[in-house]
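Descriptive analysis of the structure
Now for the letters of each chain:
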Amino acid sequence: MNNGKSGVVYGVVIVVLVAASLAFVLSAPTSSGGGLTDPSGIKIKGTIDQTIYADASGWNYSHGPINPTLYFPVDYKIVFTVIEEDNLPHTFTINKDKAYTPGTPATSFENSNTGLTLITTSELTQVPGHSVTKSYVFFASGNYTYWCEIHPTTMDARIQINGTAESTTVASGIVSQPIICCGSNGGGHHNGNSVLSSFAQISSIAAGVMKIDHPANLAKFY
Amino acid sequence: MNKKMKLEAMWLVAVLLVLGMGAGLELYSTSLPNFSVAEKDTSHTNLPTNSNVIQVTGEQWAWLFTNSTGQTTTDTFTVTVNTTYTLVVQSDKGSHQFAVIHDLYFPQFDIQIYAVPGQNNSISFTPIHTGTFVFECVEYCGYDHYLMRGYVKVVA
Amino acid sequence: MGTTVLLVEIVVIMSVVFAILFFMYYKYLTGKTEADYEATHDDYYDYGSYLRDNQRKGGFFSTNNFILNDSRSIGMRYLMTAIVFFFIAGSFGLLMRVSLIEPNPTLFANNTVLYDVLTTEHSILMIYVWAVGGALGMAYYLLPSFLKLKSDKYGSISSTAYWIYVLGAIFILLSRTSTRWYFYPPLALQLNPYGAGAYNWLAVIGMEMVFIGVTIASIITVRTIVMDRSEKVPLTKMPLFAWSILFTLLMFLASAPFFMSALAMLFYDFFNPIFFTGVGSSPLTFAELFWIWGHPIVYIAIIPEFGLIYEILPKFTGKKVFSYNSGVVGLALLLPLSELVWGHHLINSGFGLHWAIFFAMTSFLVVIPSAITIFNYIGTMWSSNKIRLTTPMLFVINGIFDFIIGGITGVMAAMTPVNEQVHGTYFVTGHFHFVFMGITTGILFAGIYMLWPTITRGRRYNQRLATWHWALTAIGSFVMSMGWTVGGFLGMPRYVAGYFARYQVYQDVAIAGGVIIAIGQLAFLANMFLSLSQNPSVSTNNAFEDAYDNELPFDDQEEPEGEPIKTPAPAGGR
């Protein structure tokens, strides 16, 4: 090492380290254009549309069964369209039930701290007939609650996510990651930009797609 | 006192003179009637009582402007020329876990004001030209920080 | 993955790590025993002093630098790390600059968060590893000969500090955070790609480790300067570089605890948010704690380089520093004044008019020491009969030029009405890149060129390539910073992955400058390769240390006016 030529090694080390750091940093987890790919590279399997009517007396109060339980498969992008039925403020908030026992009231699983408000009061403009569309990907099977934070006693129901054996292991792999993705992009807000021609528009972001995989982690880290 | 000391004293005096001029300029410009800097005003005690108060809410990643009639617009708003407006700026969490710090900046009006969670800041401005002007968020606030921008229309 | 595989992996990795550690310890121990023996025989105070004096001819690139614990080896270690991270962070900077070629995101169109990650990593690594690390490296390497140190016995503690520091820097790189270098809390606590990065807590730990490492190194270096100096070098004749390091490190020790405690509180907030986001607490508290540290850091990044300029100037102008006393006073005044000005970073946060005016006024005061220093340089060059325009001297001249522009724009930005116009815009970026490219980067490179024969074991650098390196760095940084300064004054916001189309011309000018800088740094790399592929041809002495070597003829120094002095005084000493 003392013949002095080892400095060339140092130059090579610089070049290699620069390349490695660039490659590493550029592979940073991003939730890109619509967030359909999660950091571990799992693609969603498809899209399901679901329309719900928001009424202070209960979800879907004048449209079939009140507070219906929704059934979805795991790893699908669920596009929720919430249509307002009255001129009262509502939210569309979801959370995971950790220990689901049949028969207990769903209210016991509401927790605003760990839940995710998918659609906020400012997005639901208290105009009957107005609708907001947001999407969400359930990566883990299990029981979830969806409710309105303003009317939690009446507007409160369940979502059941069914997973196959394969998708369950995939989901548990995600759960172990501390990456919690919750990038709502107020789709309603950015629609206001569409009149401004020089704005960069990422239309897929404006769709407001987002996902979380383990709401319980939210409480731990936030 | 030798020559060197004299030279050193000279440049020190020259620097102090320039500094004095700078300080004078600072005091003069901040005392101008239309000068305004962001002031913390959480209790709303110093706000003018006219109807030209615009409530501004910054959230990830949009600016919401609510005028005195309660009408809210997103990333754009309209003001009338030669009227003094007061912006009351706050930060809201929107659909996220936290409200974060934003900074509303109007380059052509020479004002900027932080949106700090839990704190109302206020600032005044008087547009003197009609036209369309830009505003931007200049405090990094996450993924779509660069899209937190828009236009303000000044109409006659 | 099964648990067995994981266990096997852990065992293998741990074995490799321990084998490397054992090998290093073995090398260290044999080297130390040998040195101890030699030191006793040669009447040295301790083995560190022996190693330092006899490893002087040791090269930059020797792995011994990472094993032996004398001051010179540790200094070389810091310099090597600084250069590696300079290239890493520089490549980040180039990439993010190029991605801004269009108003809408191009390179990172669907993942603009990569732009934020690159910017954050660029800023943190450049400031804490290139600027601070480079200054520490120069201090560790040069101070023993500048101060003719009696003993060198804290090598193992310095070495530990170095490893903590470099591990912290690696953690910051691994965290891929995007909080910007100031970690403002509500955002830094959003642990997801939409917020500020999923592994922010790792960046906070890394930051804390960098601070711990630099704090230990600072304490040891301050102790070295104050207590281990030879009697031949009284405090009043200490080289100006030693003064600059002393003031820098005192400034570090005075202001770093604010940010260190804020970081610790922020780390607790990840698990239980009570300090900065809880009820009744304002996130601005963190911003204040940060800037009490964050303003002094920008002086910490330039004062050691001011000291280096004082050492380089006499060499190439043939004159002593114009005024030693005002040099010391200029550097010393920066110490208290820099602690007073932090509020000008938060003028628009709701501080109100009175705070804004107070901090604008104190910011004006900082001009005094800066101007004293700059006039001192100009006076030294003015009194010279012939200035030899070698590469280090060219870097110095460019540094002074850039610092004048950067200083004036800095004072402008501190004025309240101007601050409302330029805060958060590229004007600020342009201002500090003038200073950081001209002074920090330029003078560190000048120092490296001065040390070149020593660090390459007796080889010359290619004069032509070195001049190209200087020219491209100087032109590129001027073009880049000027594009930013002008665009920023017109309202071009900083730290955005996309921008209004009206600012495209300024961004594109800055991109051109950035690319020119990058090509210039390739010239430096090429120079290193080229010079190391030659055979040694010159003495391994370097001009820095020769100026303080009593045994060597003092040929570059003129006799000072007044009565002749008996022993050759340090350059700059009167």
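Residues numbered from 1 in each chain as written. Chains lettered and ligands numbered in written order. Predicted model: local features only at pLDDT ≥ 70, side-chain atom pairs only at ≥ 80, totals over all residues. Heavy atoms only, no water.

**Here's the deal with the overall build of chain C**
Of the regular secondary structure elements, chain C holds 19 helices and zero strands. The buried share of chain C, reckoned over its 574 residues, is 65%. Within chain C, contacts between residues separated by at least 24 positions form 80% of all contacts whose residues are at least 6 apart in sequence. Carbon and sulfur atoms make up 69% of the accessible area of chain C, which amounts to about 19900 Å² in all. (Helix = DSSP H or I, 4+ residues; strand = E, 2+ residues; numbered from the N terminus. Buried < 20%, exposed > 50% of the residue type's maximum accessible area, 1.4 Å probe, protein only. Contact = heavy atoms within 4.5 Å. Areas by Shrake-Rupley, 256 points an atom, 1.4 Å probe, with all protein chains shown as cover.)

**Concerning the interface of chain B and chain C**
Contacts between the two partners involve 57 residues from chain B, matched on the other side by 71 residues from chain C. When chain B packs against chain C, the two sides together hide about 5100 Å² of surface, and 62% of this comes from carbon and sulfur. When the buried area of chain B at its contact with chain C is split by residue, B:Trp11, B:Tyr140 and B:Tyr143 rank highest and sum to 16% of it. For the pair chain B and chain C, the interface holds one salt bridge. The closest approach of N and O atoms between C:Arg180 and B:Glu139, which form a salt bridge, is 3.8 Å. In this assembly, chain B and chain C are joined by 18 residue pairs in polar contact (both at pLDDT 80 or more). Elements with a minimum of two residues in the side of chain B that touches chain C: α1 (3–30), β1 (39–40), β7 (102–106), β8 (111–115), β9 (121–125), β10 (131–137) and β11 (149–155) of chain B. When residues in the side of chain B that touches chain C are grouped by element, the largest group, 15 residues, is from α1(B). (Buried area = accessible area lost by both parts, 1.4 Å probe. Salt bridge = Lys/Arg side-chain N within 4 Å of Asp/Glu carboxyl O. Polar contact = N/O pair within 3.5 Å; in protein donor to acceptor, adjacent residues only side chain to side chain.)

**Here we look at the pairing of strand β8 (residues 156–162) of chain A**
Residue and element names in this part refer to chain A. Along β8, six of the seven residues are buried, which leaves the element largely enclosed by surrounding structure. When strand β2 (residues 70–73) meets β8, the two strands line up parallel, connected through four bridges. When the sheet's bridge partners are listed, phenylalanine 72 is paired in β8 with isoleucine 161. Of the pairings in the sheet, the one linking strand β7 (residues 142–147) to β8 comprises six bridges and is antiparallel in character. Looking at the pairing, asparagine 143 lines up with glutamine 160 of β8. (Pairing = 2+ DSSP bridges.)

**Points about helix α9 (residues 284–300) of chain C**
Residue and element names in this part refer to chain C. Spanning 17 residues, α9 covers 24 Å between terminal C-alpha atoms, matching the ideal 24 Å at 1.5 Å per step. Tryptophan 291 marks where α9 bends most, by close to 30 degrees. Among the 17 residues that make up α9, 14 are buried, leaving the element largely enclosed by the rest of the structure. (Expected span 1.5 Å × (residues − 1). Bend = angle between axes of the 7 residues up to and from the residue.)

**Section: the nonpolar core**
Counting residues in hydrophobic clusters, the biggest one holds 173 residues, and the most contacted among them are C:Tyr128, C:Phe211, C:Phe259 and C:Trp293. If one sorts the elements of this core by residue count, helix α4 (residues 113–147) of chain C sits on top with 22 residues. Setting aside residues no more than four positions away along its own chain, C:Phe211 makes contact with C:Tyr128, C:Phe252, C:Ala256, C:Phe259, C:Met260, C:Leu263 and C:Trp293. The next biggest cluster of nonpolar side chains, apart from the first, holds 35 residues, and it includes B:Leu87, B:Phe133, B:Cys141 and C:Ala196. (Core = buried A, V, L, I, M, F, W, Y, C linked by side-chain atoms within 4.5 Å.)

**Describing the side chain of C:Thr119**
All names here are of chain C. Structurally, the position occupied by threonine 119 is in helix α4. Here threonine 119 falls in the buried class, since its relative accessible area comes to 11%. Here the side chain of threonine 119 touches tyrosine 115 through a polar contact of 2.6 Å, landing on its backbone oxygen. If we skip the residues at most four places from it in the chain, threonine 119 touches Met96 and Tyr495.

**Concerning the confidence of the model for chain B**
Looking at chain B, pLDDT values average 85 and 95% of them are 70 or higher. Within chain B, the element-level pLDDT minimum falls on strand β4 (residues 72–74) of chain B, averaging 81, and the maximum on β7(B), averaging 92. (pLDDT = per-residue confidence, 0-100.)

**As for the environment of C:Ile220**
Residues and elements named next belong to chain C. Assignment of secondary structure puts isoleucine 220 in helix α7 (residues 200–227). The exposure class of isoleucine 220 is buried, given its relative accessible area of 10%. Each C-alpha atom, one on isoleucine 220 and one on glycine 155, is 9.2 Å from the other, the two residues being 65 residues apart in sequence.

**Brief notes about the sheet that holds β11(B)**
All names here are of chain B. Reading across the sheet, the five strands line up as β5-β11-β10-β7-β8 and stay open at both edges, with mixed pairing between neighbours. Looking at strand neighbours, the two that pair on one side only are β5 (76–80) and β8, the edges of this open sheet. For this sheet the average axis-to-axis angle between neighbouring strands, irrespective of direction, equals 25 degrees. Pairing between β7 and β10: two bridges, direction antiparallel. Bridge assignment links leucine 104 to a residue of β10, and that residue is cysteine 137. (Axes fitted to C-alpha atoms, helices over the stretch in contact; angles between N-to-C directions.)

**Observations regarding the sheet that holds strand β6 (residues 85–91) of chain B**
Residues and elements named next belong to chain B. Judged by pairing direction, the sheet is mixed, and its six strands sit side by side in the order β1-β9-β6-β2-β3-β4 without closing on themselves. Two strands close off the open sheet at either side, each with one partner strand: β1 and β4. Relative to β9, β6 runs antiparallel, the two sharing five bridges. The residue bridging valine 88 from the neighbouring strand is serine 122, located in β9.

**Re the environment of B:Pro48**
Residues and elements named next belong to chain B. Mapped onto the elements, proline 48 comes out in the loop between β1 and β2 (53–59). For the pair proline 48 and tyrosine 85, spaced 37 residues apart in sequence, the C-alpha separation works out to 9.3 Å. Ignoring sequence-local partners within four residues, the contact set of proline 48 consists of Val53 and Thr86.

**Re the pairing of β8(B)**
Residue and element names in this part refer to chain B. Among the five residues that make up β8, five are buried, leaving the element largely enclosed by the rest of the structure. Burial along β8 is two-sided: the face carrying Ile111, Ile113 and Ala115 and the face carrying Gln112 and Tyr114 are both buried. Here β7 runs beside β8; their pairing, made up of five bridges, is antiparallel. Note on β8: the bridge partner recorded for tyrosine 105 is glutamine 112.

**Focus on the packing of helix α8 (residues 240–271) of chain C against α9(C)**
Residues and elements named next belong to chain C. Where α8 contacts α9, the two axes come as close as 8 Å, and the packing angle between them is 150 degrees. On the basis of their axis angle, the class for α8 and α9 is roughly antiparallel. The crossing of α8 and α9 is left-handed. Contacts between α8 and α9 pair Thr248, Met251, Phe252, Ser255, Ala256, Phe258, Phe259, Ala262, Leu263 and Leu266 from the former with Phe286, Leu289, Phe290, Ile292, Trp293, Pro296, Tyr299 and Ile300 from the latter. (Parallel < 35°, antiparallel > 145°, perpendicular 65-115°, else oblique. Left-handed = near helix turned anticlockwise from the far one by under 90°.)

**Quick word on the packing of aromatic side chains**
Taken as a whole, this structure holds 76 aromatic pairs over all chains when the rule is applied. Residues B:Phe106 and B:Phe109 carry aromatic rings whose centres are separated by 5.6 Å and whose planes lie at 10 degrees to one another, so their mutual orientation is stacked. An identical accessibility class is assigned to B:Phe106 and B:Phe109; each is buried. Ring centres 5.1 Å apart and planes at 80 degrees place the aromatic pair C:Trp181 and C:Phe290 in the edge-to-face group. Note that C:Trp181 is positioned in the loop between α5 (155–175) and α6 (185–188) and C:Phe290 in helix α9, a separation of 109 residues in sequence. Accessibility expressed as a relative area gives 10% for C:Trp181, which makes it buried. Its guanidinium or amino end placed over the ring of A:Phe24, C:Arg176 lies 4.1 Å from that ring's centre, counting from NZ or CZ. The side chain of C:Arg180 reaches across the aromatic face of C:Tyr495, ending 4.4 Å from its centre. (Phe/Tyr/Trp six-rings, centres within 6.5 Å; stacked < 30°, edge-to-face > 60°. Lys NZ or Arg CZ within 6 Å of the ring centre and 35° of its normal.)

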